[in-house]
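# Descriptive structure summary
The chain contents come next:
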Amino acid sequence: MFRLPVERLDELFAMVSAAQTLYIPADGKDSRAHYTKWEEGIKLSNALNTVRSAKDFFFPQTTNLCDFNKKDKEIEIIDNRTESEDFVVFGVRACDTRSFTILDKVFLVDPVDSYYATRREHGTVVTLACTEPEETCFCGVFGIDAASPEGDAACWIADGYLYITANTEKGEKFISLVSSLLEESSDEAVEAQKKATAEIMSRLPFNDIDTSYFRKNTLLEIFNSDHWKKLSEACIGCGTCTFVCPTCQCYDIKDYDTGCGIKRYRTWDSCMYSDFTKTAGGNPRTSQVERFRQRFMHKLVYFPDNNNEEFGCVGCGRCISRCPISMNIVKVIKTFGEVQ
Amino acid sequence: MLNETLIPKVGVITDIRIDTPDVKTFRVVGTDGKKLFEHIPGQCAMVSVPGVGEGMFSITSSPTNTEFMEFSIKRCGCLTTVLHALEEGQQITVRGPYGNGFPVEDPEKLKGKDLLFVAGGIGLAPLRSVINYVRDKRENYGKVQIVYGSRSKDDLVDYKEILDEWMATPDFDVYLTIDREQEGWDGHVGFVPNYVKELTPDLGKTVLMCGPPVMIKFTLAGLKELGFKETQVFTTMELRMKCAIGKCGRCNIGNKYVCKDGPVFSFDQLSELPSEY
């Protein structure tokens, strides 16, 4: 364990950004936290979490896949992929950090998505432990410890110091990059903080919601449940939940004719939208009930079925605070959980 | 840089056959004049006109064809309308092959078995790949029965090939039907599901079926009445797709992705999944 006084955090950021691009959560004009490229004067936010999740770093909202030039009957395909530059994301919370391992199970399984893979390879994730989890937090339900985040290196801010320890080789590289600023330290303050945070977590309202229903019942039993109709009744299909969700990974592929060539790009999409599954021949999900059901079946049943029972949710709580009709995955889990 | 499956290859349309008023069959090779890639019967490819879009189509030619690939495409949406307006020599893009294909080499399922093919309309396209594969490897399969129906005589895809080649193949019995009486047609008239039942196929056959959902539904019911088991009957599915590799998240039926885990499923597999297709 190493540490440096919090007042010297700027020096650490300066040293990192001299070597690699550095992103940290900083308060924007809207007084909310957003990942921001660090430069002199940018301060680390005190907010619990960023408005958008950290998935943008590895799975950006739009990615150019390739370009085409067309001339008469001929087509030229231009593979304009470049190696990603090395970068550091600092201050990622435990929930968002776990979302990367969930996204890995989609994008890094054969055939590997090279766009995602190159960003993952070149990105160093430095996490920051939570000290004041909020009522919307339920990461503990998925075995995530907000006080001991994963990531390449993990940090804690306690008693006026930033404590840091490496979890991976990349994390060790990060620490050696800034080692001239650090001093070795005991982990007493960190251990005390972990206890205090665990105590807060245990009192949070969603900390102990029961997900066992989704393991005990069959896919068809859950799919055919009467609950979906009632749960989805007020859903307006805005897709906000999917856009703020750190694990939602569905995407669309589109072409755009710039006038001097065609850009093929992928862009985030949402299973909540009516045209998501629409074809010239019809649509298998004709109403919001089916679209709503798909989103939660994916996270609570389909993804776990295909990935050693791991749920596709990290309990970050963004959907809880953002949904305009106050519907969310916790209500879904609780509704089913109460049936037995 | 890693190989990237989302980046396609350039294909050249070398021949366009007009099958029906709304179906054309496109012959495609690479820019070097050779076949773009190898495939298993029933597998698909993403075909694109850059600037318009990309869509999943079954490869209708057999893998035993060493020279080119073919796609039989019905004009029904944005991309297919543009494809239908293309001329020979036009380049398009292709990537693949995708999906599992039919288990043609599995002795428990297809190999060595008597086969019953049931197709409706453009549903013949994915089955044609298997039918011609079986024709070229005659010694590996038993008797073949093909029941193919469409709205009218003019809507039968691959009509010339059916008459000249399939009907001339030993141990190939082809039964054609159209929905309504038509001048110049002295063959069977009626819907495919009823025709299949009338023919009372032998229960030892493996069934491969593709066509409109309503045809599949009633044919399956009829086959089950006759005593066929769901494990004996295979079909191939189609849903909206973008990536074709199980990542974009839109072609799932329950926990299975049609693009990756399908498009070929047996009905016992489908019976464990939601009927959301």
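Owing to the predicted nature of the structure, the values given are computational and were not obtained by experimental measurement.

Cut-offs applied
- Residues numbered from 1 in each chain as written.
- Chains lettered and ligands numbered in written order.
- Predicted model: local features only at pLDDT ≥ 70, side-chain atom pairs only at ≥ 80, totals over all residues.
- Helix = DSSP H or I, 4+ residues; strand = E, 2+ residues; numbered from the N terminus.
- Rg over C-alpha atoms; globule rule 2.2 N^0.38 Å.
- Buried ≥ 20, exposed ≤ 12 C-beta atoms within 10 Å, placed from the backbone.
- Contact = placed C-beta atoms within 7 Å.
- Nonpolar A, V, L, I, M, F, W, Y, C, P; charged D, E, K, R; others polar.
- Pairing = 2+ DSSP bridges.
- Domains from an automatic or database assignment.
- Axes fitted to C-alpha atoms, helices over the stretch in contact; angles between N-to-C directions.
- Arc of directions from axis to C-beta.

## Notes on the overall build of chain B
- The number of helices and strands found in chain B is six helices and 15 strands.
- Taken over the C-alpha trace, chain B has a radius of gyration of 18 Å; the compact-globule value for 277 residues is 19 Å, and the two agree within 12%.
- The principal-axis extent of the C-alpha atoms belonging to chain B is close to 55 × 45 × 35 Å.
- Out of the 277 residues belonging to chain B, those deemed buried represent 51%.

## Points about the overall build of chain A
- From N to C terminus, chain A includes twelve helices and twelve strands.
- Computed over C-alpha atoms, the radius of gyration of chain A comes to 22 Å, within 12% of the 20 Å expected from 2.2 N^0.38 for 340 residues, which places it in the range of a compact globule.
- Along the three orthogonal principal directions, the C-alpha set of chain A runs to about 65 × 65 × 40 Å.
- Out of the 340 residues in chain A, the part that is buried amounts to 40%.
- Within chain A, contacts between residues at least 6 apart in sequence are counted, and of these 69% link residues at least 24 apart.

## Re the interface of chain A and chain B
- Each partner contributes to the interface: chain A provides 43 residues, whereas chain B provides 35 residues.
- Put simply, the parts of the chain that give the side of chain A that touches chain B at least two residues each are strand 4 (62-71), strand 5 (74-78), helix 2 (94-107), helix 3 (114-122), helix 7 (219-223), strand 11 (251-257), strand 12 (262-268) and helix 10 (288-306) of chain A.
- For the side of chain A that touches chain B, a count of residues per class yields 23 nonpolar, six polar and 14 charged.

## Considering the pairing of strand 8 (residues 153-158) of chain A
Residues and elements named next belong to chain A.
- Burial analysis of strand 8 places six of its six residues in the buried class, the great majority of the element.
- Both faces of strand 8 are covered, namely the face carrying Ala153, Cys155 and Ile157 and the face carrying Ala154, Trp156 and Ala158.
- Pairing of strand 7 (residues 123-128) with strand 8 involves three bridges; the strand directions are parallel. Within strand 8, the position partnered with Leu128 by the bridge is Cys155.
- Pairing of strand 8 with strand 9 (residues 161-166), which is carried by six bridges, proceeds in the antiparallel orientation. Paired with Ala154 across the strands is Thr165, a residue of strand 9.

## Focus on the domain arrangement of chain A
Residues and elements named next belong to chain A.
- Looking at chain A, the domain boundaries give domain 1 (2-59 + 83-203) and domain 2 (213-252 + 268-337).
- At the junction of the two partners, domain 1 supplies 22 residues and domain 2 supplies 17 residues.
- Taken together, the residues of the side of domain 1 that touches domain 2 break down into twelve nonpolar, four polar and six charged.

## Considering unusual backbone geometry
- Here Asp110(A) and Pro111(A) are connected by a cis peptide whose omega angle stands at -5 degrees.
- Summarising the element assignment, Pro111(A) is placed in the loop between helix 2 and helix 3.
- Despite not being glycine, Glu309(A) shows a phi value in the positive range, around 65 degrees.
- Structurally, Glu309(A) is set in the loop between helix 10 and helix 11 (318-322).
- Residue class for Glu309(A) comes out exposed when judged on the 10 C-beta atoms lying within 10 Å of it.
- One non-glycine residue with positive phi stands out, namely Thr200(B), at about 35 degrees.

## What about the domain arrangement of chain B?
All names here are of chain B.
- What the domain assignment lists for chain B is domain 1 (9-98) and domain 2 (115-270).
- Centre-to-centre separation of domain 1 and domain 2, based on C-alpha positions: 21 Å.
- Counting from both sides, the interface comprises 19 residues of domain 1 and, opposite them, 20 residues of domain 2.
- For the side of domain 1 that touches domain 2, the secondary structure elements donating two or more residues are strand 1 (9-20), strand 3 (44-49), strand 4 (53-58) and strand 5 (69-74).
- Class assignment of the residues belonging to the side of domain 1 that touches domain 2 gives a composition of nine nonpolar, eight polar and two charged.

## Section: the sheet that holds strand 15 (residues 264-266) of chain B
Residues and elements named next belong to chain B.
- The sheet built from seven strands is open, its strands ordered 10-9-8-7-11-12-15 with mixed pairing. At either end of the open sheet lies a strand with only one pairing partner, and these are strand 10 (188-189) and strand 15.
- The pairing of strand 12 (residues 233-236) with strand 15 spans three bridges and is classified as antiparallel. When the sheet's bridge partners are listed, Thr236 is paired in strand 15 with Val264.

## Structural notes on the sheet that holds strand 2 (residues 21-27) of chain A
Residue and element names in this part refer to chain A.
- Here we have eight strands laid out as an open sheet, ordered 3-2-6-7-8-9-1-10, and mixed in their pairing. At either margin of the open sheet sits one strand with a lone partner, and together these are strand 3 (33-37) and strand 10 (183-184).
- Those strands touched by helix 2 are strand 6 (87-92) and strand 7, and its axis lies near 145 degrees from that of strand 7.
- Across the sheet, helix 5 (residues 188-203) touches strand 8 and strand 9, and the angle it forms with strand 8 is around 85 degrees.

## Points about helix 1 (residues 9-19) of chain A
All names here are of chain A.
- Turning to helix 1, its buried residues number three or more, namely Phe13, Val16 and Ser17. One side of helix 1 carries all its buried residues, which in axial view fall inside an arc of 95 degrees.
- Lining the buried residues of helix 1 we find strand 2, strand 6 and helix 4 (169-177).

## Side note on the pairing of strand 8 (residues 144-150) of chain B
Residue and element names in this part refer to chain B.
- In terms of burial, strand 8 is largely enclosed, as seven of its seven residues are buried.
- Neither face of strand 8 is open: one carries Val144, Ile146, Tyr148 and Ser150, the other Gln145, Val147 and Gly149, and all of them are buried.
- Direction of pairing for strand 7 (residues 115-120) relative to strand 8: parallel, over a ladder of six bridges. Looking at strand 8, one finds that Phe117 is bridged to Ile146.
- Across seven bridges, strand 8 lies against strand 9 (residues 172-178) in parallel orientation. Looking at strand 9, one finds that Tyr148 is bridged to Leu176.

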